[in-house]
Amino acid sequence: MKLIIAIIFCFINTIIARSQVNSDSLRNIIASKNSVYTEKMNAFIHLVESYQLNNFDSALIESDKALLIARKNADSLYVAILKRQIGVANYFKGKYDIAAINFYEAISILEKLSNQKELATTYNDLAKLYRKTRDLDKALDNYNKADKIFRQLKDTGGIAMILNESGVVFEYREDFEEAVKRYNTSMKLAELTGDSLSISYSLSNIAGVFVTEKKFELAEENLLRTLRIRQILKDSFAIALTYSDLGATMNAKGDYGKAILYILESNRIAEKLNYPELQSNNFNELSLLYKKQGDFQSAYRYYVKRTTSRDSLFAIEKTKQIQELNARYETEKKEQQIIHQQNRLRLQTYMFVGIAGFVLLSSMLAYSYYKRYKLRKESQHQGELMKQQEIAVKAVLEAEEKERQRIAKDLHDGVGQMMSAAK
């Protein structure tokens, strides 16, 4: 088992090393005048994805550059993909209203195209946003949409991701049994495909349930396993999350010194990544930790930091904008459905009229053909009848002629005989 893990880790390290080298090659492809459009756009997408893990501002800059090219070429698919990437970067930056705008724009385009996997991924991103704002019903609705598409595509990785993500919704609802069931199912699927990052998220999520159940040793064990995987993957964002989770676990356990060290390390990475939402959560945790230790000055300092960052993240206007966007999207979708139904009814009406017209025309043609056929038969019959009458008349005339000749002959013979007798 250890040998297998070592091989996997070596393989992962090789991929990471290649990806670092590929960053320069991607930029070369983008800058090259010889690169064709599709090649250049794919290079942009890969470059943006690489920045999504460690530099959200760079992800936005490269996405905007690529978006201009995609729009210039009227390429709806790339526009949608880039809109999703812009939404993801803004989500991590805590700009949920801007993220929601881009997610909905991407979905609106993708629902008209055939790229189902990208649509499912965008549904997942939108679900995470609603989960973050605690609109759990809308979150689960979007997770279900994504799950349905991934199952239709038989995408094991996608299914595992949705199980992990949607499990958090059930955890928030305190349905821990369903949450753990989803986390474990996700982890089994991830192990089959060798998806280390997905395994780490399952372990982390299960650890969260262990903390709720006050099984702190099991929670810490899972989180340390998670941390080792993410350090090998060099996923800065995921590492910051793990340190934050470890800090919260140690806080709940009562190991305050260890908890502070973990959370400060998480904040160091979060600040470097410009990830204010995680920083806000860490400020809150630090405030509680210092309060428990009786250091009220530090507790108040971190409470002020937390309040300031929280106000900027969850402003009322932003929440309203997200709700308005959802309402507008639902309204547009209903309007499209109504228009689609009207078009379908109109098409059905046209088809009915067309079929009725075709049947009527066919009936008229058939009747006309039948009348012509009947007239032709009557004409033939009349001709035959006239022919028979003509033959009969000829026969009568011939008979009369023969009778006249016979009578004439008889008279001639009779008179001759009388003349002979007289002589």
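About the cut-offs
- Residues numbered from 1 in each chain as written.
- Predicted model: local features only at pLDDT ≥ 70, side-chain atom pairs only at ≥ 80, totals over all residues.
- Heavy atoms only, no water.
- Helix = DSSP H or I, 4+ residues; strand = E, 2+ residues; numbered from the N terminus.
- Buried < 20%, exposed > 50% of the residue type's maximum accessible area, 1.4 Å probe, protein only.
- Areas by Shrake-Rupley, 256 points an atom, 1.4 Å probe, with all protein chains shown as cover.
- Phe/Tyr/Trp six-rings, centres within 6.5 Å; stacked < 30°, edge-to-face > 60°.
- Lys NZ or Arg CZ within 6 Å of the ring centre and 35° of its normal.
- Expected span 1.5 Å × (residues − 1).
- Salt bridge = Lys/Arg side-chain N within 4 Å of Asp/Glu carboxyl O.
- Patch = residues over 30% accessible without salt bridge, like charges linked within 9 Å, V, L, I, M, F, W, Y side chains within 5 Å.
- Core = buried A, V, L, I, M, F, W, Y, C linked by side-chain atoms within 4.5 Å.
- Axes fitted to C-alpha atoms, helices over the stretch in contact; angles between N-to-C directions.
- Parallel < 35°, antiparallel > 145°, perpendicular 65-115°, else oblique.
- Left-handed = near helix turned anticlockwise from the far one by under 90°.
- Contact = heavy atoms within 4.5 Å.
- pLDDT = per-residue confidence, 0-100.
- Polar contact = N/O pair within 3.5 Å; in protein donor to acceptor, adjacent residues only side chain to side chain.

## Things to note about the overall build of the protein
So, step 1. Secondary structure assignment for the protein yields 16 helices and zero strands.
So, step 2. Counting over 423 residues, the protein shows a buried share of 38%.
So, step 3. Roughly 25,200 Å² of accessible area belongs to the protein as shown, and the carbon and sulfur atoms make up 57% of that amount.

## Some details on the packing of aromatic side chains
So, step 1. Summed over all chains, the structure comprises eight aromatic pairs.
So, step 2. On the numbers, 5.7 Å between centres and 55° between planes, the contact of Tyr 91 with Tyr 96 is tilted. The two residues Tyr 91 and Tyr 96 agree in class, both being buried.
So, step 3. Against the face of Tyr 201 rests Arg 230, its NZ or CZ located 4.3 Å from the ring centre.
So, step 4. Between Arg 301 and the ring centre of Tyr 302, over which it is positioned, the NZ or CZ distance is 4.8 Å.

## Some words on helix H11 (residues 216-233)
So, step 1. End to end, H11 covers 26 Å across 18 residues, agreeing with the expected 26 Å (1.5 Å per residue, within 8%).
So, step 2. Buried within H11 we find Phe 216, Ala 219, Glu 220, Asn 222, Leu 223, Thr 226, Leu 227, Ile 229, Arg 230 and Ile 232.

## Regarding the pattern of salt bridges
Where charged atoms from two side chains of opposite charge come close, those side chains can pair.
So, step 1. Per the stated rule, a full pass over the model turns up 18 salt bridges.
So, step 2. A salt bridge links Glu 220 to Lys 253, with the shortest nitrogen-to-oxygen separation between them at 3.8 Å. Of this pair, Glu 220 sits in helix H11 while Lys 253 is found in helix H12 (residues 236-253), placing the two residues 33 residues apart along the sequence.
So, step 3. Measuring nitrogen to oxygen at the nearest pair gives 2.7 Å for the salt bridge that ties Glu 265 to Arg 268. In this pair, Glu 265 and Arg 268 both sit in helix H13 (residues 256-273), three residues apart, roughly one turn of the helix.
So, step 4. The class of Glu 265 is partly exposed, set by a relative accessible area of 24%.
So, step 5. Through salt bridges with shared partners, a single ionic network connects Arg 27, Glu 62 and Lys 65.

## Some details on unusual backbone geometry
So, step 1. The backbone of Arg 134 shows a phi angle near 65°, a positive value even though the residue is not glycine.
So, step 2. Here Arg 134 shows up in the loop between helix H6 (116-132) and helix H7 (136-153).
So, step 3. Unusually for a residue other than glycine, Glu 174 sits at a positive phi of about 65°.

## A few points about a nonpolar patch on the surface
So, step 1. There is a patch of nonpolar side chains on the surface, built from Leu 347, Met 351, Ile 355, Phe 358 and Val 359 and spanning about 520 Å² of accessible area.
So, step 2. Along the polypeptide, Ile 355 turns up in helix H16 (residues 316-422).
So, step 3. Taking the relative accessible area as the measure of exposure, Ile 355 reaches 51% and is therefore exposed.

## Some points on the nonpolar core
So, step 1. With 89 residues, the main nonpolar core has Phe 56, Leu 82, Phe 92, Leu 129, Tyr 275 and Leu 286 as its most contacted residues.
So, step 2. Of all the elements, helix H4 (residues 76-92) adds the most residues to this core, at 10 residues.

## A few points about the packing of H4 against H6
So, step 1. Where H4 contacts H6, the two axes come as close as 11 Å, and the packing angle between them is 25°. Comparing their axes, H6 and H4 come out roughly parallel. Of the two possible hands of crossing, H4 and H6 adopt the one that is left-handed. When H4 is examined against H6, the residues Ile 81, Arg 84, Val 88 and Tyr 91 are found in contact with a partner set consisting of Glu 118, Thr 121, Thr 122, Asp 125, Lys 128, Leu 129 and Lys 132.

## Concerning the confidence of the model for the protein
So, step 1. Summarising the model, the protein shows a mean pLDDT of 82, and 83% of its residues fall at 70 or more.
So, step 2. Within the protein, no element has a lower average pLDDT than helix H1 (residues 2-31), which sits at 54, and none a higher one than H7, at 95.
So, step 3. Counted against residues more than four places away or in other chains, residues 1-21, with its pLDDT under 50, gives 10 contacts.

## Some remarks on helix H10 (residues 196-212)
So, step 1. Between the first and last C-alpha of H10 there are 25 Å, a value that for 17 residues agrees with the 24 Å anticipated at 1.5 Å per step.
So, step 2. Burial of H10 is extensive: 13 of the 17 residues sit out of reach of the surface.
So, step 3. The N-cap of H10, judged by a side-chain oxygen 3.4 Å from the amide nitrogen of Leu 197 a few residues on, is Asp 195.
So, step 4. Two residues or fewer after H10 comes Lys 214, characterised by a positive phi angle close to 65°.

## Description of the packing of H13 against helix H14 (residues 276-292)
So, step 1. Contact geometry of H13 with H14 gives a least axis separation of 10 Å together with a crossing angle of 155°. Considered as vectors, H13 and H14 are oriented roughly antiparallel to each other. Judged by the sense of rotation from one axis to the other, the crossing of H13 with H14 is left-handed. Residues Tyr 256, Ala 259, Ile 260, Ile 263, Leu 264, Ser 266, Asn 267, Ala 270 and Glu 271 of H13 form the contact with H14, whose own contacting residues are Leu 278, Gln 279, Asn 282, Phe 283, Glu 285, Leu 286, Leu 289, Tyr 290 and Lys 292.

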